[in-house]
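# Chain and residue survey
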Amino acid sequence: MKRLHVHVAVDDLTRAIAFYETLFATPPSVVKADYAKWMLDDPRVNFAISARGAKPGVEHLGIQVEDAGELAEVYDRLERADAPVLEEGDTVCCYARSEKSWITDPAGVPWEVFHTHGEAASYGGGDVAEDARLAVTPTGRPEAPCCAPAGPAPSASCC
């Protein structure tokens with residue numbers, strides 16, 4: 001079963017944790033010095049916040065899947081969308097090991113599709129994209145988002 005992912009950049013992590021603990025009526029399932037995450041079942045969402053210098057507000061949205069079959073299904077939909085896909089592959093991001101790809105919707109909102117398969121001791125690599133957006137190159141290809149690797153543009157095929 002898929003889960004909506006929302007990642008919000010915050011200025012004051014302690015204050016934000018207190019706010020969302022009250023809003024969700026539960027403490028976060030993960031707390032780090034610069035990050036917190038709630039894995040909620042009602043509503044079914046992976047809600048994360050981080051204080052890593054990005055402009056406060058919604059940083060990106062996503063779809064988290066539970067297995068490789070669901071990941072392949074959603075990757076297929078990404079390939080059919082009218083936007084370039086950044087295939088990040090196996091990576092460390094947000095203190096987790098995941099397989100993921102990114103796409104930017106027509107409004108400029110970055111979306112990640114990912115399957116988490118383990119924890120990690122570090123937040124992950126890559127710089128936060130300017131204004132927490134998935135930047136687009138002059139050729140219309142996405143550049144690396146917050147945890148995506150810097151490097152060449154994505155290939156035309158996936159998986």
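Below is a short write-up of the structure. Treat the numbers as computed from the prediction; the structure is a model and nothing was measured. (Residues numbered from 1 in each chain as written. Predicted model: local features only at pLDDT ≥ 70, side-chain atom pairs only at ≥ 80, totals over all residues. Heavy atoms only, no water.)

## Some details on the side chain of Ser-101
Definition in use: Labels follow the DSSP assignment, with helices taken as runs of H or I lasting at least four residues and strands as runs of E lasting at least two, numbered in each case from the N terminus. When a residue's accessible area, from a 1.4 Å probe over protein chains only, is under 20% of the maximum for its type it is buried; when over 50% it is exposed; and in between it is partly exposed. Throughout, a residue-residue contact means that at least one pair of heavy atoms, one from each residue, lies within 4.5 Å.
By the secondary structure assignment, Ser-101 is in strand E7 (residues 96–104). You can call Ser-101 buried: its relative accessible area is 2%. The residues contacting Ser-101, other than those within four sequence positions of it, are Tyr-75, Leu-78, Val-85, Leu-86, Glu-87, Glu-88, Trp-111, Glu-112 and Val-113.

## Overview of helix H1 (residues 13–24)
The condition that has to hold: In this scheme, a helix's expected span is set at 1.5 Å multiplied by one less than its residue total. What the arc covers is the set of directions going from the helix axis to the C-beta atoms. Nitrogen and oxygen atoms within 3.5 Å of one another constitute a polar contact, given that in protein one can donate a hydrogen and the other can accept it, and given that sequence-neighbouring residues count only through two side-chain atoms.
In a regular helix each residue adds 1.5 Å, so 12 residues correspond to 16 Å; H1 covers 16 Å between its end C-alpha atoms and thus fits that length. Residues Leu-13, Ala-16, Ile-17 and Tyr-20 constitute the buried set of H1. On an axial view of H1, the arc spanned by its buried residues comes to 100 degrees, and they lie on one face. Turned more than 90 degrees away from the buried face of H1 sit Thr-14, Arg-15, Phe-19 and Thr-22, all of them exposed. Among the structural elements, strand E1 (3–9), strand E2 (30–32), strand E3 (35–41) and strand E4 (44–50) are those in contact with the buried residues of H1. By the N-cap criterion, in which a side-chain oxygen at the helix start approaches the backbone nitrogen of a residue two or three places on, H1 is capped by Asp-12, the distance to Thr-14 being 3.2 Å. Trailing H1 by a residue or two, Ala-25 shows a phi angle of about 60 degrees, which is positive.

## Things to note about the side chain of Lys-100
Relative to the elements of secondary structure, Lys-100 occurs in strand E7. Looking at Lys-100, the relative accessible area reads 3%, which means it is buried. Here Glu-112 takes part through its side chain, which lies 2.7 Å from a polar atom of the side chain of Lys-100. With sequence-adjacent residues up to four places away left out, Lys-100 is seen in contact with Tyr-75, Glu-87, Glu-88, Gly-89, Thr-91, Cys-93, Glu-112, Val-113 and Phe-114.

## What about the pairing of E3?
Rules: Any two strands are treated as partners once DSSP identifies two or more bridges connecting them.
The element E3 is extensively covered by neighbouring structure, given that five of its seven residues are classed as buried. Bridge count between E2 and E3: three bridges; the pairing is antiparallel. Looking at E3, one finds that Lys-32 is bridged to Tyr-35. Of the pairings in the sheet, the one linking E3 to E4 comprises seven bridges and is antiparallel in character. By the bridge assignment for E4, Tyr-35 is matched with Ser-50. Count of turn residues in the E3/E4 antiparallel hairpin: two residues.

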